[in-house]
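So you can see what is in the structure, the chains are spelled out below.
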Amino acid sequence: GENVEQHPSTLSVQEGDSAVIKCTYSDSASNYFPWYKQELGKRPQLIIDIRSNVGEKKDQRIAVTLNKTAKHFSLHITETQPEDSAVYFCAASKGTNAGKSTFGDGTTLTVKP
Amino acid sequence: NAGVTQTPKFRILKIGQSMTLQCTQDMNHNYMYWYRQDPGMGLKLIYYSVGAGITDKGEVPNGYNVSRSTTEDFPLRLELAAPSQTSVYFCASTSEGTWREQYFGPGTRLTVT
């Protein structure tokens, strides 16, 4: 089955700096890569996603890149703010496989004011 | 739309007791999922369903059972609760098709002592 590895497990940055979280996946058939943000005690919520036919996607301060050859994808947050502090999860899925996603173990991002 | 709702929010069980975690969605999604999230870890898939009457095991199904009699409801049954089942349980749903985000419920925090 699919295996998703996520690094780093914790990340601390100063407000205004950039943050980068990286994930690798094992199944070359995976074609959908969402990123979820989970605030303390809350449910995971989608913040951005990328499909296998796209190499990069950007939404304001958040961007995701995908390298299908190397089987890795990354989340980039620019101009970080304290409210960006949360746990971020990457996931990989095959679109036709009942929508099942395999999640990484998460990255705890702390943005220091 | 209420989205995905779960009950109860919190529960403490004694070893050997049984309980059912309820999950309901009002988005007419065919696909529904149960995950557990252990402290500091990612989401592990317990069971999933692609429609009423159809369920299948995920990555960690032992000690759990599910049923799907309607499109809206996907209850998770714990029989003979064990301390290893102490976790936060999330239900999620998605519409059929490729590249679909998962919508999560608020979670149920379960402690088995």
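Residues numbered from 1 in each chain as written. Chains lettered and ligands numbered in written order. Predicted model: local features only at pLDDT ≥ 70, side-chain atom pairs only at ≥ 80, totals over all residues. Heavy atoms only, no water.

## Quick notes on the overall build of chain A
Looking only at helices and strands, chain A has 0 helices and 11 strands in total. Each helix and strand of chain A, ordered N terminal to C terminal, gives the series β-β-β-β-β-β-β-β-β-β-β. Compactness check: chain A gives a C-alpha radius of gyration of 13 Å against a globular reference of 13 Å for 113 residues, within 12% of the reference. With the C-alpha coordinates aligned to their principal axes, the bounding extent of chain A is approximately 40 × 30 × 20 Å. (Helix = DSSP H or I, 4+ residues; strand = E, 2+ residues; numbered from the N terminus. Rg over C-alpha atoms; globule rule 2.2 N^0.38 Å.)

## Regarding the interface of chain B and chain A
The partner chain A presents 20 residues to the 23 residues of chain B that form the contact. Of the roughly 1900 Å² buried at the junction of chain B and chain A (both faces included), carbon and sulfur atoms supply 57%. Linking chain B with chain A are 0 salt bridges, by the criterion used here. Across the chain B-chain A interface, the total number found is 4 residue pairs in polar contact (both at pLDDT 80 or more). Residue assignment for the side of chain B that touches chain A shows that the elements contributing at least two residues are strand S4 (31–37) and strand S5 (43–51) of chain B. (Contact = heavy atoms within 4.5 Å. Buried area = accessible area lost by both parts, 1.4 Å probe. Salt bridge = Lys/Arg side-chain N within 4 Å of Asp/Glu carboxyl O. Polar contact = N/O pair within 3.5 Å; in protein donor to acceptor, adjacent residues only side chain to side chain.)

## Observations regarding the pattern of salt bridges
Residue and element names in this part refer to chain B. According to the stated counting rule, one finds 7 salt bridges over all chains in the structure shown. A salt bridge links Arg36 to Asp38, with the nearest nitrogen and oxygen atoms 2.9 Å apart. On the basis of relative accessibility, which here comes to 11%, the residue Arg36 falls in the buried class. (Buried < 20%, exposed > 50% of the residue type's maximum accessible area, 1.4 Å probe, protein only.)

## Observations concerning the pairing of strand S4 (residues 32–38) of chain A
A regular strand carries its side chains on alternate faces of the sheet. Residue and element names in this part refer to chain A. Extensive coverage of S4 is indicated by the burial of 7 of its 7 residues. Alternating residues of S4 divide into Tyr32, Pro34, Tyr36 and Gln38 and Phe33, Trp35 and Lys37, and every residue in both groups is buried. Alignment of S4 against strand S5 (residues 45–51), held across 6 bridges, turns out to be antiparallel. The partner of Pro34 across the bridge, within S5, is Asp49. Hairpin remark: S4 followed by S5, antiparallel, with 6 residues in the connecting loop; positive phi at Gly41, about 75°. Where S4 lies against strand S9 (residues 86–93), 5 bridges are found, and the strand directions are antiparallel. When the sheet's bridge partners are listed, Lys37 is paired in S9 with Tyr88. (Pairing = 2+ DSSP bridges.)

## Description of the sheet that holds strand S7 (residues 64–66) of chain B
Residues and elements named next belong to chain B. Strands sit in the order S1-S3-S8-S7 across an open sheet of 4 strands; the sheet is antiparallel. Either end of the sheet is taken by a strand with one partner, and the two such strands are strand S1 (4–7) and S7. Taken pair by pair, the neighbouring strands of this sheet meet at an average axis angle of 20°, ignoring direction. Both strand S3 (residues 19–25) and strand S8 (residues 76–78) contribute to a ladder of 3 bridges, which runs antiparallel. Across the sheet, Thr20 pairs through a bridge with Arg77, a residue of S8. (Axes fitted to C-alpha atoms, helices over the stretch in contact; angles between N-to-C directions.)

## Notes on the state of the cysteines
Going through the model one piece at a time under the given rule, you end up with 2 disulfides over all chains. Cys23 of chain A shares a disulfide with Cys90 of chain A; S-S distance 2.0 Å. Torsion about the S-S bond of the Cys23 of chain A and Cys90 of chain A cystine: about -100°, corresponding to left-handed handedness. In this pair, Cys23 of chain A is assigned in strand S3 (residues 19–25) and Cys90 of chain A in strand S9, connecting sequence segments 67 residues apart. Of the two residues examined, Cys23 of chain A and Cys90 of chain A, each falls in the buried class. One disulfide bridge connects Cys23 of chain B with Cys91 of chain B, the sulfur atoms lying 1.8 Å from each other. Because the torsion about its S-S bond is -70°, the bridge between Cys23 of chain B and Cys91 of chain B counts as left-handed. One end of the pair, Cys23 of chain B, is in strand S3; the other, Cys91 of chain B, is in strand S9 (residues 87–94), and 68 residues separate them in sequence. (Disulfide = S-S within 2.5 Å.)

## Thoughts on the side chain of Ser52 of chain A
Mapping Ser52 of chain A onto the fold places it in the loop between S5 and strand S6 (56–59). Apart from residues lying up to four places away in sequence, Ser52 of chain A is in contact with Ser30, Asn31, Phe33, Leu66 and Lys68 of chain A.

## Structural notes on the pairing of strand S11 (residues 108–112) of chain B
All names here are of chain B. Only one face of S11 is covered, namely the one carrying Thr108, Leu110 and Val112; the face carrying Arg109 and Thr111 has none of its residues buried. Pairing of strand S2 (residues 10–13) with S11 involves 4 bridges; the strand directions are parallel. Opposite Leu13, over in S11, you have Val112 as the bridge partner.

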